[in-house]
Amino acid sequence: MERGTSGGEVEEYVQPTGCSVAEVRLKNLTKKFKDVVAVDNISLDIKDREFLTLVGPSGCGKSTTLRAVAGLENPTSGEILIDGQRSK
């Protein structure tokens, strides 16, 4: 146990040994909504346990990219691989 800033005790989180999250790979991902290109040919490798932040102005495709990775949007073209398996 550790002491928190307010004087209370805070339990430290320890990730289990051998615990894996997932490796995510975007290959030439494009998402169009009619004539609007929301995501334009993005390729990205996110390693297991790597922390990534998408930053950019409103309307640049951050949320659409994350929705595609989550399976909430179907890509117009390209691939999404999670632990080497193609996302459906």
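Going by the structure above, here's the rest.
Residues numbered from 1 in each chain as written. Predicted model: local features only at pLDDT ≥ 70, side-chain atom pairs only at ≥ 80, totals over all residues. Heavy atoms only, no water.

## Digging into the pairing of strand S3 (residues 24–33)
(1) Moving on: Where S3 meets strand S4 (residues 36–46), seven bridges bridge the pair, whose relative direction is antiparallel. Counterpart to Arg25 in the pairing with S4 is Asp45.
(2) Moving on: From the end of S3 to the start of S4, which pair antiparallel, there are two residues, and Lys34 there has a positive phi angle of about 55°.
(3) Moving on: As judged from the five bridges shared by S3 and strand S5 (residues 77–82), these two strands associate in the antiparallel manner. Residue pairing across strands places Thr30 opposite Ser77, the latter belonging to S5. (Pairing = 2+ DSSP bridges. Helix = DSSP H or I, 4+ residues; strand = E, 2+ residues; numbered from the N terminus.)

## Things to note about the side chain of Thr65
(1) Moving on: Relative to the helices and strands, Thr65 resides in helix H1 (residues 62–70).
(2) Moving on: By relative accessible area, which is 6% here, Thr65 ends up buried.
(3) Moving on: With residues near it in sequence (within four places) discarded, Thr65 still touches Leu26, Leu29, Val39 and Leu54. (Buried < 20%, exposed > 50% of the residue type's maximum accessible area, 1.4 Å probe, protein only. Contact = heavy atoms within 4.5 Å.)

## Here we look at a nonpolar patch on the surface
(1) Moving on: The grouping of Leu52, Leu54 and Leu66 at the surface amounts to a nonpolar patch, some 240 Å² of accessible area in total.
(2) Moving on: Its place among the elements puts Leu52 in the loop between S4 and H1. (Patch = residues over 30% accessible without salt bridge, like charges linked within 9 Å, V, L, I, M, F, W, Y side chains within 5 Å. Areas by Shrake-Rupley, 256 points an atom, 1.4 Å probe, with all protein chains shown as cover. Salt bridge = Lys/Arg side-chain N within 4 Å of Asp/Glu carboxyl O.)

Spatial relationships are all this shows, so hold off on functional conclusions.
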